[in-house]
Each structure stands twice: as structure tokens, then as C-alpha cells.
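# Structure at a glance
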There are 2 protein chains.
Amino acid sequence: MTALYLEDFEAGQTFGSGEVAVTEDEIIRFATQFDPQPFHLDPEAAKVTFFGGLAASGWQTAALTMKLLVGGEMLPANGIIGAGFESLNWPRPVRPGDTLHVVSEILEVRSSKSRPTQGMIKVRSHTLNQKDEVVQDSVGNLVVVARPVRTSR
Amino acid sequence: MTALYLEDFEAGQTFGSGEVAVTEDEIIRFATQFDPQPFHLDPEAAKVTFFGGLAASGWQTAALTMKLLVGGEMLPANGIIGAGFESLNWPRPVRPGDTLHVVSEILEVRSSKSRPTQGMIKVRSHTLNQKDEVVQDSVGNLVVVARPVRTSR
């Protein structure tokens, strides 16, 4: 895996990831810690809620997407450093037994005028389940370093 | 704590939360599971990175914000169900030893034309550290149920 610098990115490139499986136990464990609501905690109680059954917290989907990105193909030399998101949506819930992967597309590459050693890339990432249905859709900006200039002497 | 229905929300209302402390161990544990990058994993290695020291994953900040919201004052009767975010930013990192709380402001209340039993509220949430510095700024939309109509007979 080659570390990527700002100059290596261009709009239209796509990058993939490995896969991660999501179990009922993990959904309940994450929710217990961070999002303790019935539809994330209890398969029985979840049946009569908005979700109609146990669903992962959106923040677990987001955290698992990050795990897939860090282990995936789109790896800036300075790491994956999110400056912020312009949108983050969960069009459908993640269910126990789902297997997720991520596909990212570079939308824009901008060098920084004030800091010539870095820039930003705008990235759309789709997190997909095993049926290739989108469970998370995000557009975010990452800080990416420029390729170091080698000085001769 | 009274459960809140769509009719109980109006633009301009603000809601608070309790507090949560963030330890170095928790930062490293979360990062190991979801965001294994040097600046989130290793206080020594983090010194020479963009963050200049150990920093929590933004997704941990987001998950802890959710925990504070679920235990906080802004509790729709159907739970806190995020339809999606229009923006999500981390203006400064969360550091070991920080204590966080959340302040949310209702920006907009919309009833649903197609589903009269529910609507959406647009909420800006600021997650603040112990110095009242913003560590997360989000604008999101929540699905909220309308107050049930009691039928007479």
C-alpha cells in the first residue's frame, strides 16, 4: 500500500475497502455504551419502534465506516483526518448479520493557499451492506499533506 | 422528564445535558476498535502528528455526544432518531482529561404532509469541553412523532 499525497488525488478516483460483519451482540454493546435506546438495545422492544426491529446506532455505522476506511485503499500519507462533513445520512438501518464495505469517490482536490504543505480533498463515501444497499452516505473534507519537496545540496 | 412531542418543540428552544469525562484509556480503546491511527492510539507517536498529541477520534466525540443527548433534556417521545446531518464539524480535538457536555438549539420544526403522525425538527448541537470550547458542531434532522390524538366514543 503506497501512502498517497495531495498530488496523487484527483476528482473521479474511487477507492474500495475490506468488509466488516456486524453481530447482534456488537449492536447491543455499542448502544449500551453510547446510544442506549430500545431500538438499538432490545430485539423484542425494537419490534414496535420506528425501526421495526433491532438496528445499529448510526454512530456505530459511522465508526465502522471509519474502521473500513483506515484499513482501505484511500490512505493519505498523514492518515485520515476529517476536517468536517457537509452531509451525513443513514438511508437505511444496519441490521444484525449485515456485512458492510465502503466505496469512496474523490469529488474535489484543493491545495491550500496559506499552507503550501497541505490541502483538502472532498470525498463522498457510501457504506454498503451485503445487498449493495446504501446504509450511510457522507460527503466530507479531509486534510491531506502535499508531497515533501526534496532539496538538493 | 416529560416525553416531548412534535407540538412541544419550537425554534429557539435550547436544551442541556449532563457531563461525560474522557480518559486516555477510553480514547485508546475506542481508536483501537474503530480508528486505529497513531494520533488516536499512542501519546508519544501523536506528538509529531497534525494533532500534536493524543486526540480522540471524531467518531468517539460524536458517539459521546449521542450518549449525552440520550441522557439529556431534549427527549422526543419516540427517542432520538437522526434522519441525517447537514453539517458535522470538529473545530478542535478532544484531549485526555476533557469533560464534555452538549447544548442543543431547535432551529426549525416541520410537520410531515404525507405522514400527519410525525414530523422533523432541525437541531444544532454544540459539544463543549470544560473550557466551554466547541469540540463538535452539528446540524441534524430528527424524526419526532406528533402527540397522539385521543378519540372519544
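Residues numbered from 1 in each chain as written. Chains lettered and ligands numbered in written order. Predicted model: local features only at pLDDT ≥ 70, side-chain atom pairs only at ≥ 80, totals over all residues. Heavy atoms only, no water.

### Points about the side chain of Asp-137 of chain A
Residues and elements named next belong to chain A. Stated formally: The helix count covers DSSP runs of H or I at least four residues long, the strand count covers runs of E at least two residues long, and both are numbered beginning at the N terminus. For the exposure calls, accessible area comes from a 1.4 Å probe over protein chains only, and a residue counts as buried if that area is under 20% of its type's maximum, exposed if over 50%, partly exposed in between. In protein, a polar contact means a hydrogen-donor-capable atom and an acceptor-capable atom, both N or O and within 3.5 Å, with residues adjacent in sequence counting only if both atoms are side-chain atoms; elsewhere, any N or O pair within 3.5 Å suffices. The criterion used for residue contact is that any of the two residues' heavy atoms lie within 4.5 Å.
Here Asp-137 lies in strand β6 (residues 134-145). The buried category is assigned to Asp-137, whose relative accessible area is 17%. Here the side chain of Asp-137 touches Arg-124 through a polar contact of 3.0 Å, side chain to side chain. Discounting residues that sit within four places of it in the chain, Asp-137 has contacts with Ser-87, Leu-88, Asn-89, Pro-91, Arg-124, Ser-125 and His-126.

### Some words on the packing of helix α4 (residues 58-70) of chain A against helix α4 (residues 58-70) of chain B
To be explicit about the condition: For helices, the axis comes from a line fit to the C-alpha atoms of the stretch in contact; other axes are also lines fit to C-alpha atoms, and the angle between any two N-to-C directions lies between 0 and 180 degrees. Throughout this description, any angle smaller than 35 degrees is read as roughly parallel, any larger than 145 degrees as roughly antiparallel, any in the 65 to 115 degree range as roughly perpendicular, and the remainder as oblique. In the scheme used here, Gly and all other residues not listed as nonpolar or charged are polar, with Ala, Val, Leu, Ile, Met, Phe, Trp, Tyr, Cys and Pro taken as nonpolar and Asp, Glu, Lys and Arg as charged.
Where α4 of chain A contacts α4 of chain B, the two axes come as close as 10 Å, and the packing angle between them is 170 degrees. Taken together, the axes of α4 of chain A and α4 of chain B lie roughly antiparallel to each other. Contacts between α4 of chain A and α4 of chain B involve Trp-59, Ala-62, Ala-63 and Met-66 of chain A from the former and Trp-59, Ala-62, Ala-63 and Met-66 of chain B from the latter. Taken together, the residues of the contact of α4 of chain A with α4 of chain B break down into eight nonpolar, no polar and no charged.

### So, the environment of Gln-136 of chain B
Residues and elements named next belong to chain B. Among the secondary structure elements, Gln-136 is positioned in strand β6 (residues 134-145). In sequence terms Gln-136 and Gly-84 are 52 residues apart; their C-alpha atoms lie 16 Å from each other. Excluding residues within four positions of it along the chain, Gln-136 makes contact with Gly-58, Thr-61, Ala-62, Thr-65, Leu-88, Asn-89, Trp-90, Pro-91, Ser-125, His-126 and Thr-127. Within the local environment of Gln-136, its side chain forms a polar contact with the backbone nitrogen of Ala-62, the two atoms lying 3.2 Å apart.

### What to know about the interface of chain A and chain B
Let me state the cut-off plainly: Computed with a 1.4 Å rolling probe, the buried area is the accessible surface lost when two parts are put together, summed over both parts. Whenever a carboxyl oxygen of Asp or Glu lies within 4 Å of a side-chain nitrogen of Lys or Arg, that contact is scored as a salt bridge.
Between chain A and chain B, the contact holds 31 residues from the first and 31 residues from the second. Summing both sides of the interface, chain A and chain B together bury roughly 2,700 Å²; the carbon and sulfur share of this comes to 67%. Contact with chain B buries surface across chain A, with Phe-34, Trp-59 and Phe-85 of chain A losing the most and accounting together for 26% of the total. Taken together, chain A and chain B are joined by zero salt bridges. Our count for the chain A to chain B interface comes out at eight residue pairs in polar contact (both at pLDDT 80 or more). Here the element with the most residues in the side of chain A that touches chain B is strand β3 (residues 82-89) of chain A; it accounts for eight residues.

### Some remarks on the pattern of salt bridges
In the structure shown here, the tally under the stated rule is 14 salt bridges over all chains. Linking Asp-8 of chain A and Arg-147 of chain A is a salt bridge whose minimum nitrogen-to-oxygen distance equals 2.5 Å. With a gap of 139 residues between them, Asp-8 of chain A in the segment before β1 (14-15) and Arg-147 of chain A in the segment after β6 connect regions that are remote in the sequence. Arg-147 of chain A gets classed as partly exposed once you look at its relative accessible area, which sits at 40%. Its salt-bridge partner being Glu-86 of chain B, residue Lys-122 of chain B comes within 3.3 Å of it at the nearest N-O pair. In this pair, Lys-122 of chain B is assigned in strand β5 (residues 118-128) and Glu-86 of chain B in strand β3 (residues 82-89), connecting sequence segments 36 residues apart. On the basis of relative accessible area, Lys-122 of chain B is assigned to the buried category, the value being 15%. Assessed through its relative accessible area of 38%, Glu-86 of chain B is described here as partly exposed.

None of this, on its own, says anything about what the molecule does.
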